[in-house]
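Here are the chains, one letter per residue:
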Amino acid sequence: MNKVNVLILGSGGREHALAWKISQSPLLARLFIAPGNSGTRLVGTNVPMSLNDFAGIKHLVLKEKINLVVVGPEEPLVKGFHDFFLANPEIKDIPVIGPVSAGAALEGSKDFAKKFMIRHGIPTAAYETFTADSFQQGLEFLRTLKPPYVLKADGLAAGKGVVICKTLEEASSELRGMLIEKRFGKASASVVIEEFLDGIELSAFALTDGNNYLMLPAAKDYKRVGVGDTGSNTGGMGSVSPVPFADEQFMKKVEDRIIRPTVEGLQKDGISYIGFIFAGLMNIKGDPFVIEYNVRLGDPETEVILPRIKSDFLEILIAMVQGRLNEIKPETDARIAACVMLTSGGYPGEYEKGKEIHFLKDEPESLVFHAGSQFDQATGKTITSGGRVIAVTSLGNTLKSAMGKSYETAALIHFDGVYYRNDIGFDLLN
Ligand code: AMP
Ligand code: GLY
């Protein structure tokens, strides 16, 4: 097989993990990450670039003779990044991993995702969608539900668009905020109100070439900022894979009831989809229900999934864009991977940037994935540039040993205001 030049779009811990994994492939010629972070520059070439600059990315792809583009985050996909490639004669044959906007709507529009699931018989919470015109009906619908109430802004709202209210008063006022006061701008012009699902959450992942799919290991993400799952929602403070309560029988249900019907549903709807399917699930007494779809890998789930994939991930991605995913039998590491996210104090609220990151040991026993970090050319220092700064992942034969190693490494990394949860995985120990 010819060696390929790969471009990864994004700058988080997910993209560093992707770059780290792809850089190990014998099929790789050159690796570029746009814009990347201080970690990705160690395994490839960073190119400063806004992900909204489609023309700039096209220029880069042609200049560096890129053979494969892997899109990390959802936003460019929802905005039509893949469609842009297909519509451009010069780049239309360069494969992009990540769906066209019609497929990315699974993440970009909650209403579209709910209709898709209902249409294809995929288990999810009962729901209705309302706009400013049907605000009164929305209030009436809330009155028919039992608390807690789940309200979701239809569009992308930087992870803040889901609000869970304990009382009817709170829910009614939130609905007014979203629909009438336009709290999330255009994103809350429509609001999905849905039944509250009571269970344990996990993240399931698959790859698809549009016809075939491949299940990836599942992971559990710790979304709340505080110890004991308290405080605000974040992008994710830590993760663990595999998930002890997602046994083989449960994952078979996920494949049969969710992943396969999703791939078939996309086909039936005439949406060509090459990319990742990330189903946020609720395990309710052993049965999976979809909370939400994402059209990308999770962050920090990727940081525990990729270290458990023993096979050449680039070979898998190439098979995917060639429609040969059925030929791939990936090998998984049976060990447990556990990740803790080091964040800037104050995240997910306000926090400071530009703090120097000190690594007290050059070769820790863990994988150190950078997220919100930046290399300062002038001083040669690595500084913080985001809320989630470093993801530390370790593998172990037990969750306790994996997590223990990650915490040992976390203690060797320092920057002003560093904060991390000290209880990742603890709920899974018994
Ligand atoms: P999202 O911002 O879409 O990731 O959703 C944030 C969180 O809200 C999810 O991770 C769930 O914990 C919770 N959530 C969303 N929908 C429901 C639901 N129908 N029932 C219970 N919890 C939910
Ligand atoms: N960690 C959850 C997400 O990536 O959406």
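The preceding data block contains the structure.
For the structure given in this document, a descriptive report is provided here.

Calculation criteria
- Residues numbered from 1 in each chain as written.
- Chains lettered and ligands numbered in written order.
- Predicted model: local features only at pLDDT ≥ 70, side-chain atom pairs only at ≥ 80, totals over all residues.
- Heavy atoms only, no water.
- Near = heavy atom within 4 Å.
- Polar contact = N/O pair within 3.5 Å; in protein donor to acceptor, adjacent residues only side chain to side chain.
- Areas by Shrake-Rupley, 256 points an atom, 1.4 Å probe, with all protein chains shown as cover.
- Nonpolar A, V, L, I, M, F, W, Y, C, P; charged D, E, K, R; others polar.
- 1 Å grid on protein atoms, 1.4 Å probe; cavity = no way out; pocket = protein on both sides within 12 Å on 5 of 7 lines; lining within 4 Å.
- Points joined across faces, edges and corners; volume = space filled by probe spheres on them.
- Helix = DSSP H or I, 4+ residues; strand = E, 2+ residues; numbered from the N terminus.
- Axes fitted to C-alpha atoms, helices over the stretch in contact; angles between N-to-C directions.
- Parallel < 35°, antiparallel > 145°, perpendicular 65-115°, else oblique.
- Left-handed = near helix turned anticlockwise from the far one by under 90°.
- Contact = heavy atoms within 4.5 Å.
- Buried < 20%, exposed > 50% of the residue type's maximum accessible area, 1.4 Å probe, protein only.
- Pairing = 2+ DSSP bridges.
- Phe/Tyr/Trp six-rings, centres within 6.5 Å; stacked < 30°, edge-to-face > 60°.
- Lys NZ or Arg CZ within 6 Å of the ring centre and 35° of its normal.

## So, the site of ligand 2
For ligand 2, the full set of nearby residues is Asp221, Gly235, Phe278, Arg296, Gly298, Asp299, Pro300 and Glu301. Between glycine 235 and ligand 2, the recorded distance is 3.0 Å, taken from a backbone N or O atom to a nitrogen atom. Taken by itself ligand 2 offers 190 Å² of open surface, and the protein chains cover 88% of this. For the shell around ligand 2, the class distribution of residues is two nonpolar, two polar and four charged.

## Thoughts on empty space enclosed by the protein
Applying the stated criterion across every chain, the model contains two cavities of 30 Å³ or more. Space inside the largest cavity adds up to approximately 80 Å³. Around the largest cavity, the lining residues are Leu106, Glu107, Ser109, Lys110, Ala113, Lys114, Met117, Lys152, Glu194, Ile291, Glu292 and Tyr293. Counting only elements with at least two residues in the lining of the largest cavity, the list comes to helix 5 (101-108), helix 6 (110-119) and strand 16 (287-294). Among the elements that take part in the lining of the largest cavity, helix 6 stands out by supplying four residues, more than any other. Space inside the second largest cavity adds up to approximately 60 Å³. What lines the second largest cavity is simply Glu201, Leu202, Ser203, Asp221, Lys223, Phe278, Gly280 and Leu281.

## Side note on the packing of helix 7 (residues 135-144) against helix 8 (residues 168-179)
Viewed as axis vectors pointing N to C, helix 7 and helix 8 meet at an angle of 155°, and their least axial separation amounts to 10 Å. Considered as vectors, helix 7 and helix 8 are oriented roughly antiparallel to each other. Between helix 7 and helix 8 lies a crossing of right-handed hand. Where helix 7 abuts helix 8, its residues Phe135, Gly138, Leu139, Leu142 and Arg143 lie against Leu168, Ala171, Ser172, Leu175, Arg176 and Leu179.

## Regarding the layout of surface pockets
Of the pockets and cavities examined, the second largest pocket occupies roughly 430 Å³. Along the walls of the second largest pocket sit 19 residues, with Met215, Leu216, Pro217, Ala218 and Met251 positioned nearest its centre. Listing elements by their share of the lining of the second largest pocket, those giving two or more residues are strand 11 (213-221) and helix 9 (248-268). Considering every element that reaches the lining of the second largest pocket, the biggest residue donor is strand 11, with six residues.

## Observations concerning the site of ligand 1
Close contacts around ligand 1 come from 15 residues, with Glu194, Glu195, Leu197, Glu201 and Glu292 the closest. Contact distances for ligand 1 include 3.3 Å between an oxygen atom and a side-chain N or O atom of lysine 110. Contact between ligand 1 and leucine 197: a nitrogen atom at 2.8 Å from a main-chain N or O atom of the residue. Expressed as a share of its isolated accessible area of 480 Å², the protein-covered part of ligand 1 is 89%.

## Notes on helix 11 (residues 313-321)
Within helix 11, seven of the nine residues are buried, which leaves the element mostly enclosed by the surrounding structure. Where helix 11 begins, the capping side chain belongs to aspartate 312, and its oxygen is found 2.9 Å from the backbone nitrogen of leucine 314. At the exit of helix 11 stands glycine 323, carrying a positive phi of roughly 70°.

## Brief notes about the sheet that holds strand 9 (residues 190-194)
Each strand in a sheet pairs with its neighbour through backbone hydrogen bonds, running either in the same direction (parallel) or in the opposite one (antiparallel). Read across the open sheet, the four strands follow the order 6-9-7-8; overall the sheet is antiparallel. Pairing within the sheet leaves two strands with one partner each, and these edge strands are strand 6 (127-131) and strand 8 (162-165). Here the average twist between neighbouring strands, direction ignored, is 25°. Here strand 7 (residues 149-153) pairs with strand 8 via four bridges, running antiparallel.

## Some words on the packing of aromatic side chains
Enumeration according to the criterion identifies eleven aromatic pairs in this entry. Each ring, one from tyrosine 407 and one from tyrosine 420, has its centre 5.9 Å from the other, and the planes form 25°; the classification is stacked. Taken together, the residues tyrosine 407 in helix 12 (residues 399-410) and tyrosine 420 in the segment after strand 24 (418-419) connect sequence positions 13 residues apart. Residue classification places tyrosine 407 among the buried positions, given a relative accessible area of 15%. Ring pairs connect the aromatic residues Phe54, Phe81, Phe84 and Phe85, which therefore count as one cluster. Stacked on the ring of phenylalanine 375, the Lys or Arg arginine 41 has its end atom at 3.5 Å from the ring centre. Just above the ring of tyrosine 222 sits the side chain of lysine 220; from NZ or CZ to the centre is 4.8 Å.

## Details of the environment of methionine 403
Structurally, methionine 403 is set in helix 12. Judged by relative accessible area, which is 4%, methionine 403 ranks as buried. Between the C-alpha atoms of methionine 403 and phenylalanine 289, which are 114 residues apart in sequence, the distance is 28 Å. In contact with methionine 403, other than residues within four places in its own chain, are Ala338, Cys339, Val340 and Ile424.

None of this, on its own, says anything about what the molecule does.
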